[in-house]
Amino acid sequence: MEQLNGWFTDLLSDNTIFTANTLGFYWGGFVTTVQLVFLSLVIGMILAVPLAIGRGSKRRWIKLPIYAYTYVFRGTPLLIQLYLVYYGVVFFEGIQDSIFWVVFKQAFFPALIAFTLNTAAYTTEIFHGAIKNTAKGEIEAARAYGMSRKLMMRRIILPSAFRRALPAYGNEVIFMLHASAVASVVTIMDLTGAAYYVYARFYAPFDAFIFVALIYLCLTFGIMFVFRKLEKRLLAHLRPRGA
Amino acid sequence: MNKWITGALIAGALVSGQAFSQAMAQESQDAIRLGIDVPYEPFVVRNAEGDLEGFEIDLGNELCTRANLECSWVEQGWDGIIPGLLARKYDAILSSMAITPERERQVLFSLPYYNTPSVWITARDRDIDIDDKASLEGLSVGVQRGTIRDVYVTQEYGDVLDIHRYGSSQDVVNDLKSGRLDLTFEDFPIANDAIDFRQDDSPYKQLGDSIKTPTSIFGEGAAMAFRQRDKALAAKFDKAICEVYADGTFDELMEKYFDYDLSVRPSEQDCAE
């Protein structure tokens, strides 16, 4: 143990990169990344529920615009969407003088908008798929009870669809965390931004990026753990009996 | 017996080798070859007739005349420019090479002969005093990430300015123009090309003086590079650089190619015999 301790002290004594200063950068980046991803996921999910229901509507004027939206946002890279929202908006004449400028002046809100629209598009498709795949028997049973379409949606289809969508949604959350690494191109000091900074400052790509990779790994592990627990609870009825 | 012969042979080879290299050195100091990476406008370009021309060609020829040397130019791509020097493809590099500690381990540098400055730029209607640090609180500045400008701003203004770091200087300029940034701190030649800030009626303006110091951040500038052992040759060029600065020839050449100041006047101490 003492040997290990000595080895560790030696290792850190030569270290000029991971000082309190750079660790502060990483911590700031960690907070920004978590905020950005969490907020965009929450808002994205709130948007996605009505969109997913509308996506399965029989009325074309509801169905088609939503389909076009998800098609565009799933069909283009997040980086391009971010660039368009951040650098694109300034080409609207007079935006600097409008009330919107308060939002678009900082980098955080354009990034939040791009991320939210992106994750909402994916989540809409995930929920839509789950709603569509609701077992016929459940719907027939609901009808037999005389439930209206609204009530059936609220009591039967949505709760069941959300449970079945959980594993796919868990993946989307992890993808979103990883995709958020592009935020640093619009000057946001997220985890990747902090790593870029340390890399550029000390010309140490391996140290800077391996450290940040480990942080992402821990975050991903945490998300996986939470979803594993949730799935175990909420999908208990789908597990084979006795398993 | 055998040992004696071998010893004598080695000694002989050493002596003659030394004499030979001395003779070579003698000869090559009258006629030397300068390595340069072409093109790098306006420092060096090949004109329509196929001849090299530009600031560094004029400067190099002037330095050679003063050092009493017959100079010729050798073209060499940047990647191989130090290996080419060490392999004796040419005797010196005169190709906008900035002095860095890494390069100093391999080559011997002359005095620096130029360094491009950096400038603070803001919108013309803004009233900002860059020297009054307290008044800068909360203003945003854009820099290209990892550049010497980033280091300078972080070190000198990190506690007051809100520093935005971009991947390219193009993005910095975009956000200065969009109004997201109050300030930018940019390399003068880049700013000169990308931002209209030098006329009285242009939308942007320069704040304060152009900045080239401290040299611990901005570097000492671009210098000629020699093989480590060619100290006498380097000294000749140091003297020539001092001369062109002292009698105004450097300024004439600079005004011919540039409309801003990139001189790094050598100190009297450096020029003392």
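Residues numbered from 1 in each chain as written. Chains lettered and ligands numbered in written order. Predicted model: local features only at pLDDT ≥ 70, side-chain atom pairs only at ≥ 80, totals over all residues.

### Regarding the overall build of chain B
The helix and strand inventory of chain B stands at eleven helices and twelve strands. Partitioning the contacts of chain B with sequence separation of at least 6, the portion at a separation of at least 24 is 71%. (Helix = DSSP H or I, 4+ residues; strand = E, 2+ residues; numbered from the N terminus. Contact = placed C-beta atoms within 7 Å.)

### What about the domain arrangement of chain B?
Residue and element names in this part refer to chain B. Per the domain assignment, the segments of chain B are domain 1 (30–115 + 221–271) and domain 2 (118–217). Between the C-alpha centres of domain 1 and domain 2 the distance comes to 30 Å. On the side of domain 2, four residues touch domain 1, which itself brings four residues to the contact. Residue composition of the side of domain 1 that touches domain 2, by class: two nonpolar, one polar and one charged. (Domains from an automatic or database assignment. Nonpolar A, V, L, I, M, F, W, Y, C, P; charged D, E, K, R; others polar.)

### Some thoughts on the packing of helix α3 (residues 60–75) of chain A against helix α6 (residues 108–132) of chain A
Residues and elements named next belong to chain A. Relative to each other, α3 and α6 sit at 120°, their axes nearing to 9 Å. Comparing the axis directions of α3 and α6 gives the class oblique. Between α3 and α6 lies a crossing of left-handed hand. Taken together, the residues of α6 that come into contact with α3 (itself represented by I66, Y69, T70, F73 and R74) are L117, N118, A121, Y122, T124 and E125. Looking at the contact of α3 with α6 residue by residue, the class counts come to six nonpolar, three polar and two charged. (Axes fitted to C-alpha atoms, helices over the stretch in contact; angles between N-to-C directions. Parallel < 35°, antiparallel > 145°, perpendicular 65-115°, else oblique. Left-handed = near helix turned anticlockwise from the far one by under 90°.)

### Quick word on the interface of chain B and chain A
Across the boundary between the two partners, chain B contributes ten residues, which contact ten residues of chain A. When contributions to the side of chain B that touches chain A are tallied by element, the ones reaching two or more residues are β9 (162–166) and α6 (169–178) of chain B. Examining the composition of the side of chain B that touches chain A, we find that three residues originate from one element, β9(B), more than from any other. Each residue belonging to the side of chain B that touches chain A can be placed in one class, and the counts come to one nonpolar, six polar and three charged.

### Description of unusual backbone geometry
All names here are of chain B. Here the amide bond leading from E41 into P42 is cis, since omega sits at -5°, within 30 degrees of zero. Secondary-structure assignment places P42 in the loop between β1 (31–36) and β2 (45–46). With phi around 60°, N68 is a residue other than glycine that occupies positive phi space. The residue N68 is located in the loop between α2 (55–66) and β4 (70–75) in this model. What makes N68 exposed here is the crowd of 10 C-beta atoms within 10 Å. (Buried ≥ 20, exposed ≤ 12 C-beta atoms within 10 Å, placed from the backbone.)

### As for the confidence of the model for chain B
Detailed conclusions should not be drawn from predicted coordinates in areas where pLDDT is low. Residues and elements named next belong to chain B. With 89% of its residues at a pLDDT of 70 or more, chain B shows a mean pLDDT of 88. Here helix α1 (residues 2–30) stands out as the element of chain B with the lowest mean pLDDT, 57, in contrast to strand β12 (residues 222–227), whose mean of 96 is the highest. Scoring the predicted complex yields pTM 0.76 and, for the interface, ipTM 0.75. (pLDDT = per-residue confidence, 0-100.)

### Side note on the sheet that holds strand β11 (residues 204–211) of chain B
Residue and element names in this part refer to chain B. Taken together, the five strands give an open sheet; going across it, the order is β9-β8-β10-β7-β11, and neighbouring strands pair in mixed fashion. The open sheet has two edge strands with one neighbour each: β9 and β11. Here the average twist between neighbouring strands, direction ignored, is 25°. Across the face of the sheet, helix α5 (residues 148–157) comes into contact with β7 (118–123), β8 (140–144), β9 and β10 (183–187) while running at roughly 150° to β8. α6 rests against β8, β9 and β10 of the sheet, and its axis sits at about 160° to β8. (Pairing = 2+ DSSP bridges.)

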